[in-house]
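The residues making up each chain are set out below.
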Amino acid sequence: MHKNERDTAPAGFTFEDAERAQLRDWMGLSTAAKIDFFEEMVLLAYRSGALSPERLALRD
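So, here's what we can say about the structure. Please read these numbers as outputs of a predicted model, since none were measured by experiment.

1. Things to note about the overall build of the chain
Turning to step 1, where the next piece is worked out: Counting its regular elements, the chain contains four helices and zero strands.
Turning to step 2, where the next piece is worked out: Going from N to C terminus, the chain has its helices and strands arranged as α-α-α-α.
Turning to step 3, where the next piece is worked out: Surface exposure of the chain reaches about 5600 Å², of which carbon and sulfur atoms provide 60%.

2. A few points about the packing of aromatic side chains
Geometry of an aromatic ring pair is reported as the spacing of the ring centres plus the angle between the planes.
Turning to step 1, where the next piece is worked out: If you walk through the whole model with that rule in mind, you get three aromatic pairs.
Turning to step 2, where the next piece is worked out: Between W26 and F37 the ring centres are 5.4 Å apart and the planes differ by 75 degrees, which places this aromatic pair in the edge-to-face class. Taken as a pair, W26 in helix α2 (residues 15-28) and F37 in helix α3 (residues 31-48) lie far apart in primary sequence, eleven residues in all.
Turning to step 3, where the next piece is worked out: Taking the relative accessible area as the measure of exposure, F37 reaches 35% and is therefore partly exposed.
Turning to step 4, where the next piece is worked out: Both rings, one in W26 and one in F38, keep their centres 5.9 Å apart while their planes meet at 90 degrees; by these two values the pair is edge-to-face.

3. Overview of the side chain of S52
Turning to step 1, where the next piece is worked out: Assignment of secondary structure puts S52 in the loop between α3 and α4 (53-57).
Turning to step 2, where the next piece is worked out: Owing to a relative accessible area of 16%, S52 belongs among the buried residues under this scheme.
Turning to step 3, where the next piece is worked out: Among the polar contacts made by the side chain of S52, one reaches the main-chain carbonyl oxygen of G49 at a distance of 3.1 Å.

4. Observations concerning a nonpolar patch on the surface
Turning to step 1, where the next piece is worked out: On the surface, F37, F38, M41 and L44 cluster together to form a nonpolar patch covering roughly 390 Å² of accessible area.
Turning to step 2, where the next piece is worked out: Structurally, the position occupied by L44 is in helix α3.
Turning to step 3, where the next piece is worked out: On the basis of relative accessibility, which here comes to 53%, the residue L44 falls in the exposed class.

5. Some points on α2
Turning to step 1, where the next piece is worked out: Its 14 residues give α2 an end-to-end C-alpha distance of 20 Å, which sits within 8% of 20 Å, the value for a rise of 1.5 Å per residue.
Turning to step 2, where the next piece is worked out: Within α2, only zero of the 14 residues are buried, which leaves the element largely exposed.

Cut-offs used in this document
- Residues numbered from 1 in each chain as written.
- Predicted model: local features only at pLDDT ≥ 70, side-chain atom pairs only at ≥ 80, totals over all residues.
- Heavy atoms only, no water.
- Helix = DSSP H or I, 4+ residues; strand = E, 2+ residues; numbered from the N terminus.
- Areas by Shrake-Rupley, 256 points an atom, 1.4 Å probe, with all protein chains shown as cover.
- Phe/Tyr/Trp six-rings, centres within 6.5 Å; stacked < 30°, edge-to-face > 60°.
- Buried < 20%, exposed > 50% of the residue type's maximum accessible area, 1.4 Å probe, protein only.
- Polar contact = N/O pair within 3.5 Å; in protein donor to acceptor, adjacent residues only side chain to side chain.
- Patch = residues over 30% accessible without salt bridge, like charges linked within 9 Å, V, L, I, M, F, W, Y side chains within 5 Å.
- Salt bridge = Lys/Arg side-chain N within 4 Å of Asp/Glu carboxyl O.
- Expected span 1.5 Å × (residues − 1).

Now the structure itself:
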């Protein structure tokens, strides 16, 4: 398989096209929506144990 065939999705879009589209979508979000997203990610990290006090103490 050639590089172009591997990097191109069936619809003719490359990974870079998808990445640019995601960045444009992110930039179009309101500030409140971005804050909500980050709050959800922090909550998810906390619930998964990634932000547990014990784990964070190991980084000191």
